[in-house]
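Here are the chains, one letter per residue:
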Amino acid sequence: MTEIKNLTMEELKTALSELGEKPFRAGQIFKWLHTPVQSFEEMSNLSKALRERLREHFVLTVPEMARKQVSAVDGTVKYLWRMQGGDCVESVLMHYEHGNTACVSTQVGCRMGCKFCASGQGGLKRHLSPGEILDEILFMQKDSGEKISNIVLMGTGEPLDNYQNVLKFLHLVSCSGGVNIGQRHISLSTSGIADKIEKLAKEKLQITLSVSLHAPDDETRSQIMPVNDAFPVERLMRACNTYFDTTGRRISYEYMMARDVTDRPWQAEKLAKLLRGRPSHVNLIPLNEVAESPLKPSSKETMRRFQQALEKRGVTATVRRKLGPDIDAACGQLRRREQGGNP
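A quick note: this is a predicted structure, and the numbers were derived from the prediction, not measured.

**Quick notes on the nonpolar core**
So, point 1. In terms of nonpolar packing, the biggest core is built from 76 residues, with Ile 151 and Val 282 touching the most fellow members.
So, point 2. When neighbours within four sequence positions are excluded, Ile 151 is seen to be in contact with Ala 102, Val 104, Ile 137, Phe 169, Val 173, Ile 181, His 185, Ile 186 and Ser 187.
So, point 3. Within the second largest apolar cluster, 19 residues are counted, among which are Leu 7, Ala 26, Phe 30 and Met 43.

**So, the packing of aromatic side chains**
So, point 1. On inspection of all chains with the given rule, the structure shows 2 aromatic pairs.
So, point 2. Here the aromatic rings of Tyr 79 and Trp 81 are separated by 5.0 Å at their centres, their planes lie at 10°, and the arrangement is stacked.
So, point 3. Assessed through its relative accessible area of 1%, Tyr 79 is described here as buried.
So, point 4. Trp 81 gets classed as buried once you look at its relative accessible area, which sits at 2%.

**Some details on the pairing of strand E13 (residues 280–286)**
So, point 1. Where burial is concerned, most of E13 is hidden: 7 out of the 7 residues are buried.
So, point 2. In E13, alternate side chains face the same way, and those of Ser 280, Val 282, Leu 284 and Pro 286 on one face and His 281, Asn 283 and Ile 285 on the other are all buried.
So, point 3. Both strand E12 (residues 251–257) and E13 contribute to a ladder of 7 bridges, which runs parallel. Its bridge partner being in E13, Tyr 255 is matched across the sheet by Leu 284.
So, point 4. The parallel pair E12 and E13, bridged by helix H10 (residues 265–275), forms a crossover whose chirality is right-handed.

**Focus: the side chain of Ser 91**
So, point 1. Here Ser 91 shows up in strand E5 (residues 88–96).
So, point 2. A polar atom in the side chain of Ser 91 sits 2.5 Å from the side chain of Glu 136.
So, point 3. Residues in contact with Ser 91, not counting those within four places in the same chain, are Val 77, Lys 78, Tyr 79, Trp 81, Cys 103, Glu 136 and Met 140.

**A closer look at the environment of Ala 15**
So, point 1. In this fold, Ala 15 is placed in helix H1 (residues 9–18).
So, point 2. Expressed as a C-alpha distance, the spacing of Ala 15 and Val 179, which sit 164 residues apart in the sequence, is 21 Å.
So, point 3. In contact with Ala 15, not counting residues within four places along its chain, are Leu 7 and Phe 58.

**Re the pairing of strand E11 (residues 208–212)**
Consecutive side chains of a regular strand alternate in pointing toward one face of the sheet and then the other.
So, point 1. Within E11, 5 of the 5 residues are buried, leaving the element largely enclosed by the surrounding structure.
So, point 2. Of the two faces of E11, the one lined by Thr 208, Ser 210 and Ser 212 and the one lined by Leu 209 and Val 211 are each fully buried.
So, point 3. Note that the unit made of strand E10 (residues 186–190), helix H6 (residues 194–203) and E11 has a crossover that is right-handed.
So, point 4. Direction of pairing for E11 relative to E12: parallel, over a ladder of 3 bridges. Looking at the pairing, Ser 210 lines up with Ser 252 of E12.

**Concerning the layout of surface pockets**
Take a probe with the size of a water molecule and roll it over the atoms, and the empty space left behind shows itself.
So, point 1. By volume, the second largest pocket amounts to about 160 Å³.
So, point 2. Forming the boundary of the second largest pocket are Asp 260, Asp 263, Arg 264, Pro 265, Ala 268, Glu 269, Thr 302, Arg 305, Phe 306, Ala 309 and Arg 313.
So, point 3. Taken together, the residues that form the lining of the second largest pocket break down as 4 nonpolar, 1 polar and 6 charged.

What counts as what
- Residues numbered from 1 in each chain as written.
- Predicted model: local features only at pLDDT ≥ 70, side-chain atom pairs only at ≥ 80, totals over all residues.
- Heavy atoms only, no water.
- Core = buried A, V, L, I, M, F, W, Y, C linked by side-chain atoms within 4.5 Å.
- Buried < 20%, exposed > 50% of the residue type's maximum accessible area, 1.4 Å probe, protein only.
- Contact = heavy atoms within 4.5 Å.
- Phe/Tyr/Trp six-rings, centres within 6.5 Å; stacked < 30°, edge-to-face > 60°.
- Helix = DSSP H or I, 4+ residues; strand = E, 2+ residues; numbered from the N terminus.
- Pairing = 2+ DSSP bridges.
- Right-handed = clockwise from strand over helix to strand, strands pointing away.
- Polar contact = N/O pair within 3.5 Å; in protein donor to acceptor, adjacent residues only side chain to side chain.
- 1 Å grid on protein atoms, 1.4 Å probe; cavity = no way out; pocket = protein on both sides within 12 Å on 5 of 7 lines; lining within 4 Å.
- Points joined across faces, edges and corners; volume = space filled by probe spheres on them.
- Nonpolar A, V, L, I, M, F, W, Y, C, P; charged D, E, K, R; others polar.

These values are about where atoms sit, not about what they do.
Dropping the structure here:
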C-alpha cells in the first residue's frame, strides 16, 4: 500500500478522487498528515467511513522512540527512532538563539564509507521515504513541544544518494499547507556527488548546499572519502561553480579537522587557493572520534591557526561549536550502541 505521507496535495487529491471522495477532503487530510497523528482515528473531522477507507488503502508511518538522550551541557536532544520494519535512524534537536534546528537522517546506514563517520560502518541498508524523513520533524516537535524553524540534512545517509525521496521531502516540508519551513531555512549536506549537485542546481531550490570537502587535495581526500575516487576535487569544484551560477546561493564547505591528516599548514594554503574568489564559507569541524577510525581530532590551537591562515587569504571560516558532547554526538554512534555495536 501507498505511504500516505509521501503524497503531495495534488497527489492526494488524485488518490481521493479515485476512491470517489471530494477533492476538498485532501486539504483536511494533508493538514492532519503534517501533524504527529499516530492513527487515522485521530482525524476527528473526517467521517468514520472515510477513515476506514484510508486505513484500507494507505499506510500511515509512525516512528517509535527507541531512545532519547538530553545533553546536560547545552540541552541538545538526540533521538533514536525505530522506523517501519524495525530499522533505526537518528535525529538531533539543537537549540540556538535564532530558533530550533533539527538534524535529520535520510537513509538507514550509508554507502559512502567515509573513514571518520560512524554512520556508514555497516554500509547502506535502505533509503528513507519522504514521509519517514518528515516523521523525524513531526515527532521531534511532538516530543519536545517546541517548533522547529531550521532543518539540516546532515544525519545518517547521503541525501543526494536518495535524490528523489529527499527532493520530495524538501517540497513537502516547505509546503504552505504543511509544516511550512521555508527552504532558505534548510541546509543539505553532501559528500560531493558532483553529477547530483549539478542535477540539484536545475531544481533552483532556495536551500543552502553544504559540501563535505574535508581535504583540498585528492590524495588526502581519497584516503578518508572514497567518493573522491569517482568525483575528484577539481570535478567537484566545477559542480559547485555550476550550482552557484545557476541558483545564486552561496555554498558552505564542511572541513573536518583531523590531526596531522587534514590540518597541516600547506592544506590551509591549498584550501584558500581552491576557494579564492568563490562565494563560500568554511565550517571547520572538530572531529568526533569513532572507535573504528584511526583519525584523531586536531588541537584547539591548530584549528585556530588553520582558521587564521584561511582568513588571512580572504576565505571566511568559523570553528563549529560542538553541541551535545556528552550524548554520543557523532552521527551513527547511538544507533550502533542500540544494536549492540552492529550497524
